[in-house]
Amino acid sequence: MKDVTLYSKLNLQRFAGTDPTATNVDSTNGLIATGTKLEYAEPGTTDYSLVADVKTVPALGGAPQEVDVTALADTQTKQLEGIEAATSAAFAVQYKGPSWNAIHSKGGDRKQYNWRVTYPDGMVATMTGSFTIQFSDVAVNGALTYTITVTISDGPDFTDSPTTGIPAASNGSN
């Protein structure tokens, strides 16, 4: 009998109840980050280019600033929600020559690029901002990485997840 070995491509999204190759990934029970993309577009366009080899996407969004409205007659401080604070977002990227060549010359040019983060289920965060690039530390037996820091001037704005259905109970009960 001949020795026959079969190989199958393992798709971890399927074990999380999602499939990144599907057009409608169901994130009802949660979602893992595999398949998340960062893209940018030149100012004034929506022709997005992929930023290849992204390793981490930072927390996006922000809390509003607190406006103190405490009066001298009050016995406790009082705050109102103010304007949401625009922050910067630092994306860690694995250094690979071709992807580096595509983006590094744009860093620091002070142009307001359009940015888009697309999560595996199709939910999208968009923002506008200029960016800088900082090459990370280099160490023995370490991977070369760099950081793209976007100074957000507008956004981030989020779309709804296209997932439909009723979320599962978090405590395991139905």
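Residues numbered from 1 in each chain as written. Predicted model: local features only at pLDDT ≥ 70, side-chain atom pairs only at ≥ 80, totals over all residues. Heavy atoms only, no water.

## Here we look at the packing of aromatic side chains
Note the cut-off: By convention, a stacked pair of Phe, Tyr or Trp rings (six-membered ring in the case of Trp) has centres within 6.5 Å and planes under 30 degrees apart, an edge-to-face pair has planes over 60 apart, and any other such pair is tilted. Counting from the N terminus, the helices are the DSSP runs of H or I reaching at least four residues and the strands are the DSSP runs of E reaching at least two. A 1.4 Å probe rolled over the protein chains alone gives each residue an accessible area, and that area as a share of the maximum for its type sets the label: buried under 20%, exposed over 50%, partly exposed in between.
A complete count under the given rule lists 8 aromatic pairs for this structure. Ring geometry for Tyr95 versus Phe135: centroids 5.7 Å apart, planes at 65°, classification edge-to-face. With Tyr95 in the loop between β6 (88–94) and α2 (97–103) and Phe135 in strand β8 (residues 124–135), the pair connects residues that are 40 residues apart, well separated along the chain. Overall, Phe135 belongs to the partly exposed group, its relative accessible area being 35%.

## Structural notes on the confidence of the model for the protein
Just so we agree on the cut-off: Every residue gets a pLDDT, meaning the predictor's confidence in that residue, from 0 to 100. Every residue pair with non-hydrogen atoms within 4.5 Å of one another is taken to be in contact.
Chain-level statistics for the protein give a pLDDT mean of 84 and a share of 80% at 70 or above. This model gives residues 7–22 a pLDDT under 50, and the stretch forms 22 contacts once residues within four places in sequence are excluded.

## Focus on the pairing of strand β5 (residues 79–84)
Worth spelling out the cut-off: When DSSP finds at least two bridges between two strands, those strands are taken to pair.
The element β5 is barely covered by neighbouring structure, given that only 0 of its 6 residues are classed as buried. Bridging between strand β4 (residues 64–68) and β5 involves 4 bridges; their strand directions are antiparallel. Bridge assignment links Pro64 to a residue of β5, and that residue is Glu84.

## Some details on the pattern of salt bridges
Heads up, the rule is: By salt bridge we mean one thing: a side-chain nitrogen of Lys or Arg within 4 Å of a carboxyl oxygen of Asp or Glu.
By the definition in use, this model includes 4 salt bridges. One salt bridge connects Asp53 with Lys96, and the closest N-O pair in it is separated by 3.4 Å. One end of the pair, Asp53, is in the loop between β2 (49–50) and β3 (54–56); the other, Lys96, is in the loop between β6 and α2, and 43 residues separate them in sequence. For Lys96, a relative accessible area of 43% translates into the label partly exposed.

## Some words on unusual backbone geometry
Residues Gly155 and Pro156 are joined by a peptide bond in cis, for which omega reads 0°. Its place among the elements puts Pro156 in strand β9 (residues 145–158). Even without being glycine, Arg110 reaches a positive phi, approximately 65°. Take Arg110: it is sitting in the loop between α2 and β7 (113–118). In the Ramachandran plot, Asn141 falls in the positive-phi region, its phi being about 60° despite a non-glycine side chain. Along the chain, the position of Asn141 falls in the loop between β8 and β9. The class of Asn141 is exposed, set by a relative accessible area of 82%.

## A closer look at the nonpolar core
Here is the rule: The set of buried Ala, Val, Leu, Ile, Met, Phe, Trp, Tyr and Cys residues whose side-chain atoms join them within 4.5 Å is what this entry labels a nonpolar core.
With 19 residues, the main nonpolar core has Val51, Ile103, Trp115, Val117, Phe131, Ile148 and Val150 as its most contacted residues. Breaking this core down by element, the ones donating at least two residues are β1 (37–41), β6, α2, β7, β8 and β9. Among the elements that take part in this core, β9 stands out by supplying 4 residues, more than any other. Every residue in contact with Val51, bar those within four places of it in the chain, is listed here: Leu38, Glu39, Tyr40, Val93, Ile103, Trp115 and Ile148.

## Brief notes about the side chain of Asn114
Under the convention used in this document: Pairs of N or O atoms within 3.5 Å make up the polar contacts considered here, provided that, within protein, one atom can donate a hydrogen while the other can accept it, and that residues adjacent in sequence are counted only when both atoms are side-chain atoms.
Turning to its location among the elements, Asn114 is positioned in strand β7. A residue is classified by how much of its surface remains accessible, and Asn114, at 17% relative accessible area, is buried. Polar contacts involving the side chain of Asn114 include one to the main-chain carbonyl oxygen of Thr45, which spans 2.7 Å. When residues no more than four places from it in sequence are discounted, the contact partners of Asn114 are Glu39, Tyr40, Ala41, Glu42, Gly44, Thr45, Tyr48, Met127 and Thr128.

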